[in-house]
Amino acid sequence: MECGWKPDEQGLQQILQLLKESQSPDTSTQRSVQQRLEQLNQYPDFNNYLIFVLTKLKSEDEPTRSLSGLILKNNVKAHYQNFPNGVSEFIKSECLENIGDSSPLIRATVGILITTIASKGELQNWPELLPKLCLLLDSEDYNTCEGAFGALQKICEDSAEILDSDMLDRPLNIMIPKFLQFFKHSSPKIRSHAIACVNQFIISRTQALMLHIDPFIENLFALAGDEEPEVRKNVCRALVMLLEVRMDRLLPHMHNIIQYMLQRTQDQDENVALEACEFWLTLAEQPVCKEVLCGHLSQLTPVLINGMKYSEIDIILLKGDIEEDEAIPDNEQDIRPRFHRSRTVAQQHEGNGIEEEEDDDDDLDDDDTISDWNLRKCSAAALDVLANVFRENLLLHILPLLKELLFHQEWVVKESGILVLGAIAEGCMQGMIPYLPELIPHLVQCLSDKKALVRSITCWTLSRYAHWVVSQPPDSYLKPLMTELLKRILDSNKRVQEAACSAFATLEEEACTELVPYLTFILDTLVFAFSKYQHKNLLILYDAIGTLADSVGHHLNKPEYIQMLMPPLIQKWNQLKDEDKDLFPLLECLSSVATALQDGFLPYCEPVYQRCVNLVQKTLAQAISQPDQYEAPDKDFMIVALDLLSGLAEGLGGSIEQLVARSNILTLMYQCMQDKMPEVRQSSFALLGDLTKACFQHVKSCIADFMPILGTNLNPELISVCNNATWAIGEISIQMGPEMQPYISMVLHQLVEIINRPNTPKTLLENTAITIGRLGYVCPQEVAPMLQQFIRPWCTSLRNIRDNEEKDSAFRGICTMISVNPGGVVQDFIFFCDAVASWVNPKDDLRDMFYKILHGFKNQVGEENWRRFSDQFPLPLKERLAAFYGV
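If you're wondering where the values come from, they're calculated on a predicted model, not measured in any experiment.

Caption draft 1: Broad picture of the packing of helix α8 (residues 142–158) against helix α11 (residues 188–199). Two elements in contact, α8 and α11, have axes separated by 9 Å at closest approach and are oriented at 20 degrees. Accordingly, the angle class assigned to the pair α8 and α11 is roughly parallel. In this structure, the crossing between α8 and α11 has a hand that is left-handed. Packed against α8, whose contacting residues are Y142, C145, E146, F149, G150, L152, Q153 and C156, the element α11 presents K189, I190, H193, A194, A196 and C197 at the interface. Tallied by class, residues from the contact of α8 with α11 come to 9 nonpolar, 3 polar and 2 charged.

Caption draft 2: Region of interest: helix α35 (residues 636–652). Counted at 1.5 Å a residue, the expected span for α35 with its 17 residues is 24 Å, and the 24 Å between its end C-alpha atoms agrees. Along α35, 15 of the 17 residues are buried, which leaves the element largely enclosed by surrounding structure.

Caption draft 3: Local environment of helix α19 (residues 297–307). Turning to α19, its buried residues number three or more, namely L297, L300, T301, V303, L304, I305 and G307. Lining the buried residues of α19 we find α16 (254–264), α17 (270–284), α18 (289–293), α21 (375–390), α22 (392–406) and α23 (411–423).

Caption draft 4: Structural detail: the packing of aromatic side chains. Enumeration over the complete set of coordinates arrives at 24 aromatic pairs. Seen from their ring centres, F869 and F873 are 5.3 Å apart, and the 75 degrees between their planes marks the pair as edge-to-face. Summarising the burial analysis for this pair, F869 and F873 share the class buried. Counting every residue linked through ring pairs, the aromatic cluster contains W794, F811, F829, F832, W839, F850, F857, W866, F869, F873, F884 and Y885. Lying over the aromatic face of W573, R611 brings its terminal NZ or CZ to 4.9 Å of the ring centre. For K807, the ring lying beneath its charged end belongs to W839, and the centroid distance is 5.0 Å.

Caption draft 5: The arrangement of the pattern of salt bridges in detail. By the definition in use, this model includes 42 salt bridges. Among the ionic pairs, D845 bridges to R812, the shortest N-O distance being 2.8 Å. Remark: R812 occurs in helix α45 (residues 805–820) and D845 occurs in helix α47 (residues 844–861); sequence separation between them is 33 residues. By relative accessible area, R812 is classed as buried at 10%. When salt bridges with common partners are traced through the structure, they connect R455, E484, K487, R488 and D491 into a single cluster.

Calculation criteria
Residues numbered from 1 in each chain as written. Predicted model: local features only at pLDDT ≥ 70, side-chain atom pairs only at ≥ 80, totals over all residues. Heavy atoms only, no water. Axes fitted to C-alpha atoms, helices over the stretch in contact; angles between N-to-C directions. Helix = DSSP H or I, 4+ residues; strand = E, 2+ residues; numbered from the N terminus. Parallel < 35°, antiparallel > 145°, perpendicular 65-115°, else oblique. Left-handed = near helix turned anticlockwise from the far one by under 90°. Contact = heavy atoms within 4.5 Å. Nonpolar A, V, L, I, M, F, W, Y, C, P; charged D, E, K, R; others polar. Expected span 1.5 Å × (residues − 1). Buried < 20%, exposed > 50% of the residue type's maximum accessible area, 1.4 Å probe, protein only. Phe/Tyr/Trp six-rings, centres within 6.5 Å; stacked < 30°, edge-to-face > 60°. Lys NZ or Arg CZ within 6 Å of the ring centre and 35° of its normal. Salt bridge = Lys/Arg side-chain N within 4 Å of Asp/Glu carboxyl O.

Here it is as structure tokens:
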């Protein structure tokens, strides 16, 4: 151990000079400092100098000493395993001796250094660290106690798992009771550290804490009224976590806890109020919520609503006083990365459209420039979840308050009322219906309020009621709402533009073809917005256009609409470079447009097709030339390009044949289908299915190469990959016919396994059933022997989808298999009857197949048995079969 280490004076001066220079704002100075620091790392005792400046050189100013410690921390992170033994020992002992430095900044720096060394797996190799820190807690000297606690809190945050493992002989058994003693310490900072340390072990249900759970909770209650905000905040945080982990222990005190949290949610300190407000969000998810909270709704509702007002700080940060900013370019840092949602093939259901998996796009993200979680957002989110728990019961308490808020003179209050209305839309919809005929027109008026922040929140709230608006006669609410929203899309305030575009996209999804009469008007506005928008909102505009295309479909395919819409899109397309991430939303948008326009997209398809193929080729080439490089290529370019090619194939059908013939897309797809990244495979299987439908003559020669890859991707752990592979196999089998025979064994067992798995998502089940049916249609001899293993889940998964081509071919397959292996269906015949009855109008020859099977079964078992069998049918099923098939 080099206790006698002394710095060389010249070396010390050199390092101090460096530390001073590194505080210079000039970037070139910064760069040269970085290089010199890297060079100095070659010397073994460079780190001794750094710790010396931090702990011993009291003549220097604190920022310089602290910086020396932070540079040392970075060296520990990067090179600790290469430190000579003497150096690391010297650093460790210096840290422990100086954890009680009289300067809070130096104490904190030493604490960070200790934690970094500990987290390099050194807790095992530094056995004296925890006992020593725990010992220092008892020091008479405040600085020593506070410094040791600061370090312990950081260690508890970084190394909670190791602390609770056998590797260290379970130190928490000593540490946790020790921390609990400090809950009553005279210093608020120490009390706060003590709770923060224990809080690290609640969620993981650490045994050492569970043994002391009652004293812990008693101590928390004792601190409930602490005058220090940081202590109150940590008490609230603890209670929120205990709700999830030890509800049993809180229940006896629940009345008092709720009263306490009501006070804290109104705490003068916003950080405390925010922690307390989380309590309501967490409680709403607990089964006991209704029971324990119903008596407190009348107190809680006004508190939450009050928290939904913008604070003065919010308004300053949101530039709420600047009404017109449309001409100010966006700050590039404010533009959040967008994630592309890869294509998933899904079935249409009875009802309307494709059922989306739960879509949380309309979250309370109305002011995302302060996307930090704050009291306003937390209160609104809590009101939203509580509305879903209490429904109409919550509304009783809200309605009396709403009237006053919505018509208030002060815009901040009025704005919060509109937010309340949006937050309860989902949970209280039924109870709100009687008031909507009056409220919706009022909100539509608020769209032209003079305050931009009122206009923007009104867009969001109206979008939450879009479903109801669309269910009424269009002239009553839809038309006035649409007219005003379109004006807001052209607002002079960027936040309003953004909110209006998002709200309009939601309206499009709900209204679908109801929008067709207004298309000229809508396109006029969206196209004008192109010339008006700054960067960030352009990305949202693409989304609104894509959603419009998805919603009105082929109605968009009129020359005058195409003339309006395509030139600005193609102009953007030509402006953007291949490396520009803005291509993502534009490609997604074009994919929807191409699918909707069908042959109307022909004049534009060649350059679009070419560029997509190039993007795929470029990305694959980069991935090969730099396999494990630090900067792997961004595969999103390839994924989005594959998805747009799918959109083209779906929209153009056979017309894409020439383009496919003249390109190497199938070779590229062969590589994409084997990519490591699941999303790439997912999109390439979707494209394979679409090309199979559009121009199978070009796909056929590759089937022998593609089928084994499809077989290995039938892994239900990766739902979307599996789903698209399954769908593609079904499309291929329809085209191949009996020639599918050699490939059945590659896929059939996996498909039967998937259809019998519990908890398989609906979309995957339906596609699996359709593909099994299609395989049985083209190769009944190969598939029918397994009929009994899949007939029951097959029937139940297809009874709810609409009559369509895919359902048609699948049912022909099942009928063909039943004629080959009638015994396979006998035990589950009632399920087959139910599936047959789900057809609204099957084609005549398919109906004949059903008729033959039903009557064949009836004749086989005889009148008497058939009557007994059909008496088990629910009445609607009995009536349908009698009416359609005379059985």
